[in-house]
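Coordinate analysis (summary)
Here is what each chain is made of, one letter per residue.
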Amino acid sequence: MSSVSTPPAKLKPPSRRRTIANVVVSQISTAVATAGSFLVTPAILFGLGDSAYGGWLLINSFISYLRLLDLGTSAGTVKYGAGAEGRGDAGDLANVMNTSAAIFTCLAATALLTTLALTRVLPHFFPTIASGHTFTIVTLGAAMVFELGSRPFVAALRMRSMHWIHDTAEICTYSVFKLGLVVYFAYRRELSYEVLALLTLGETSTRAAVSAFAALYISPAVRQLNPLRADRAMVRKLVTMGAAVTLIMVADVVRFQLDAGVIGYLLPESPISISIFGVGTRLASVSFMAIGTIAAVLMPRFSGLAESGDKKSNVDLLRISSFVTGLVASFVLVNIAVLGPQFLVLWLHKPWVTTSGQILLIVVPGYYIALLSGPSSAFLLGRGKLRGLTILTVAEAITNLGLSVVLVKPLGVFGVALGTAIPLAFFRGVAFPLLLKDDLGLTPGAYYRMHARAVRLGLTYLALVSGLVFVPISTYRVFFLLALGSAAVFAALLMTGVPELQAAIVRRAGQRLRRTAVAPTPEP
């Protein structure tokens, strides 16, 4: 007897509450990692020593390149999986998930083989740093194998706009492995490259297991996962999108992660320079990743709106997310520029940290301009407009690398900082708006007007709090008091410069008062 199976109901688009939850939990995750780094970085410096810390950064940077083996498959899985979920197409969703699982199984195996190759390559090119650390390289590589193997499960959560589950797991595993245990071993004088690598493996494997169990519980497609049923047509789709995304990922590595390699290779006599540069860019890069999650979380929503043909909602979401990103970037990066250099001195108590503060001031403007382009980049990704973005990002990466190599000898670490900041400002502030005109019909003038109000508020805020630069910060108490005062200035500026925020607060207060007024009074 045959039966006709009815397709599942279309998945409702993510609610505003879930979207906010994703952003909030993601920000908490980044905040925990950022706050933790203020303890972890000095602990590792204390446990390993200044030069050995630079070596740890270098080895880690090369292992992190294995993330490039993702080949854009995660982004493709989320995009096509979210589309299948939205249409209620169980067959297409199964093709997406099975194909993704097959690809990532192969990629995890490739990561393992590449790790074995790195055990030979790194000691050859960096003998003073990587020799004798085969166990560390293999263990860190194993962590990347677990991470790549878990990508289909993480994608299954994200396509249902449940980023918060993975981010919550990240908060917990980071707090245990990267924060608690690192500090514990450092102050017991038992910290080494091998211990750090094992803690990284423990964190990654635990987070991967949590994501897998959550996806199995939530998604029926994951419970029926079979990598042997990969669909050829879906392989072509994922590879087509993945080729562009991979180029962007490679370019991002060159833009943000190859600096340690440039310094280590061209300034081999000064391994401490890697530490100086890494500390100098730490606050800016962490903030960049944290604020960038606003755009990353919205990418599946842009994709869903593009498939529905709702152009107005897409444009409204782009406008609102750009304004919010601009405000958050202004608040965070102005405080980093004003208070950051003195904070680094207070934080690490190293003789070279003043140089790190100067590097921080060089890179902040470039990071700010790049952050403003985040929502528009997510808009392009959501609509599948990748060609122009890929070309621009690759051109920026080549310019970044070329400038860094040319300037590192005459200017040292300052040359590498300029090699990062100048391309960021030019390509994201000048070239990117021209790209939007070609791909989306958004003129450069419209793009600049979309960001104008947030930038004006940011410049006003900088003018109001810039005097804090001259206040000596000798204790954390003084630092936190200045930070609170700066935050109060920004809050006042928002209340006066963003009338709709003031109206929303008044409206919410009125609603709460009305609910209180109509609440029944208990009888005595």
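Placed above this text is the structure.
Residues numbered from 1 in each chain as written. Predicted model: local features only at pLDDT ≥ 70, side-chain atom pairs only at ≥ 80, totals over all residues. Heavy atoms only, no water.

Right, let's get into the side chain of S377. Residue position: S377 is located in helix α16 (residues 374-382). With residues up to four places along the chain from it excluded, the contact list for S377 reads L389, R428 and F432. (Helix = DSSP H or I, 4+ residues; strand = E, 2+ residues; numbered from the N terminus. Contact = heavy atoms within 4.5 Å.)

Between helix α8 (residues 163-187) and helix α9 (residues 193-218), the shortest axis-to-axis distance is 9 Å and the interhelical angle comes to 160°. By the criterion of interaxial angle, the relationship of α8 to α9 is roughly antiparallel. Between α8 and α9 lies a crossing of right-handed hand. From α8, I165, H166, A169, E170, T173, Y174, F177, K178, L181, V182 and F185 reach across to α9, where they touch V195, L196, L199, T200, G202, E203, T206, R207, V210, S211, A214 and I218. Here the contact of α8 with α9 is built from residues that sort into 13 nonpolar, six polar and four charged. (Axes fitted to C-alpha atoms, helices over the stretch in contact; angles between N-to-C directions. Parallel < 35°, antiparallel > 145°, perpendicular 65-115°, else oblique. Left-handed = near helix turned anticlockwise from the far one by under 90°. Nonpolar A, V, L, I, M, F, W, Y, C, P; charged D, E, K, R; others polar.)

Attention now moves to helix α20 (residues 476-497). Taking 1.5 Å per residue, 22 residues should reach 32 Å; α20 reaches 31 Å between its end C-alpha atoms and fits that length. Taken together, the buried positions of α20 are occupied by F479, L482, S486, F490, L493 and L494. Relative to the axis of α20, the buried residues are bounded by an arc of 120° and lie together on one face. Turned more than 90 degrees off the buried face of α20, the exposed positions are R477, F480, L484 and T496. (Expected span 1.5 Å × (residues − 1). Buried < 20%, exposed > 50% of the residue type's maximum accessible area, 1.4 Å probe, protein only. Arc of directions from axis to C-beta.)

Another point: the packing of aromatic side chains. This model, assessed by the stated rule, comprises 15 aromatic pairs. Ring geometry for F343 and F479: centres 5.0 Å apart, planes at 35°, overall tilted. With F343 in helix α14 (residues 311-348) and F479 in helix α20, this residue pair connects regions lying 136 residues apart in the sequence. Each of the two residues, F343 as well as F479, counts as buried. Summarising the aromatic geometry, the rings of Y447 and Y448 are spaced 5.8 Å apart at their centres and angled 65° between planes, so their arrangement reads as edge-to-face. Through pairs of rings, three or more aromatic residues link up here, namely F343, W347, F479 and F480. In this structure, R189 packs its charged tip against the face of F46, placed 4.0 Å from the ring centre. Positioned above the aromatic ring of F323, the side-chain terminus of R453 is 4.2 Å from the ring centre. (Phe/Tyr/Trp six-rings, centres within 6.5 Å; stacked < 30°, edge-to-face > 60°. Lys NZ or Arg CZ within 6 Å of the ring centre and 35° of its normal.)

Our focus in this paragraph is the pattern of salt bridges. Any two side chains of opposite charge can pair, on the condition that their charged atoms come close. Evaluation of the coordinates by the stated rule reveals eight salt bridges. Two residues, E147 and R67, come together in a salt bridge whose shortest N-O distance is 3.1 Å. Note that E147 is positioned in helix α6 (residues 134-149) and R67 in the loop between α2 (50-64) and α3 (73-87), a separation of 80 residues in sequence. Judged by relative accessible area, which is 13%, E147 ranks as buried. Taking relative accessible area as the criterion, R67 reaches 36% and is therefore assigned partly exposed. Measuring nitrogen to oxygen at the nearest pair gives 3.4 Å for the salt bridge that ties R207 to E203. On the criterion of helical spacing, the pair formed by R207 and E203 is a turn pair, its members being four residues apart in helix α9. (Salt bridge = Lys/Arg side-chain N within 4 Å of Asp/Glu carboxyl O.)

Right, let's get into the side chain of R428. Relative to the helices and strands, R428 is located in helix α18 (residues 413-440). Polar contacts involving the side chain of R428 include one to the side chain of T393, which spans 3.0 Å. Only 2.9 Å separates the side chain of R428 from the side chain of E396, close enough to count as a polar contact. (Polar contact = N/O pair within 3.5 Å; in protein donor to acceptor, adjacent residues only side chain to side chain.)

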